[in-house]
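Chain and residue survey
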Amino acid sequence: MSHQHEEDNWIILEDENNQQYRYSFERTLELDDKTYVILIPEFQEDPDAEEAHVFRLENDENNEEILVEIDEDELEKIQELLEQEVDVSDFDDDE
């Protein structure tokens, strides 16, 4: 997917079939010297659970930032990091 542009707080991504998808930006995070972006799709498949998509931020041959789909290993590491953050914040709230 390519990062096309941002419009009124929405990030528009376009796939290889020129289908556009709108996302809101959630956050970035660093892991293993790589930068990841977490985006929330405009339309949620399950209204009871918030869906998020994770992409790796890289530079293409023109040194422009692009979003790259991640593999399962990367996703698992990111989920573990996010779970650790939640555990730490839960602990901080108890004090």
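Small disclaimer: the values here were computed from a predicted structure and weren't measured. (Residues numbered from 1 in each chain as written. Predicted model: local features only at pLDDT ≥ 70, side-chain atom pairs only at ≥ 80, totals over all residues. Heavy atoms only, no water.)

A word on the overall build of the chain
- Across its full length, the chain holds 1 helix and 6 strands.
- The proportion of buried residues among the 95 residues of the chain is 22%.
- Counted over contacts in the chain with a minimum sequence separation of 6, partners at least 24 positions apart contribute 21%.
- Of the roughly 7,200 Å² of accessible surface on the chain, 41% is carried by carbon and sulfur atoms. (Helix = DSSP H or I, 4+ residues; strand = E, 2+ residues; numbered from the N terminus. Buried < 20%, exposed > 50% of the residue type's maximum accessible area, 1.4 Å probe, protein only. Contact = heavy atoms within 4.5 Å. Areas by Shrake-Rupley, 256 points an atom, 1.4 Å probe, with all protein chains shown as cover.)

Re unusual backbone geometry
- Positive phi, normally seen in glycine, also occurs at Asp32, with a value near 55°.
- Backbone geometry places Asn63, a non-glycine residue, at a positive phi of 65°.
- With respect to the element layout, Asn63 can be found in the loop between β5 (53-59) and β6 (65-69).
- Residue classification places Asn63 among the exposed positions, given a relative accessible area of 57%.

Some details on the pattern of salt bridges
- Tallying each qualifying case throughout the model produces 5 salt bridges.
- Among the ionic pairs, Lys77 bridges to Asp32, the shortest N-O distance being 3.4 Å. In this pair, Lys77 is assigned in helix α1 (residues 72-94) and Asp32 in the loop between β3 (20-31) and β4 (34-41), connecting sequence segments 45 residues apart.
- Among the residues examined, Lys77 registers a relative accessible area of 43% and is labelled partly exposed.
- Residues Arg56 and Glu74 are paired through a salt bridge, measuring 2.5 Å at the closest nitrogen-oxygen approach. Here Arg56 is found in strand β5, whereas its partner Glu74 is found in helix α1, with 18 residues between them in sequence.
- The buried category is assigned to Glu74, whose relative accessible area is 10%.
- What you see here is one network of salt bridges that share partners, running through Arg56, Glu58 and Glu74. (Salt bridge = Lys/Arg side-chain N within 4 Å of Asp/Glu carboxyl O.)

Quick word on the pairing of β6
- Relative to β6, β5 runs antiparallel, the two sharing 5 bridges. By the bridge assignment, Glu58 is partnered in β6 with Ile66. (Pairing = 2+ DSSP bridges.)

Concerning the packing of aromatic side chains
- Enumeration over the complete set of coordinates arrives at 1 aromatic pair.
- Pairing Tyr23 with Phe55 gives two aromatic rings, centres 6.3 Å apart and planes at 90°, and the pair type is edge-to-face. Here Tyr23, found in strand β3, pairs with Phe55, found in strand β5; they are 32 residues apart in sequence, far enough to count as distant. The residues Tyr23 and Phe55 share a single accessibility class, namely buried. (Phe/Tyr/Trp six-rings, centres within 6.5 Å; stacked < 30°, edge-to-face > 60°.)

Read these as spatial facts, not as claims about activity.
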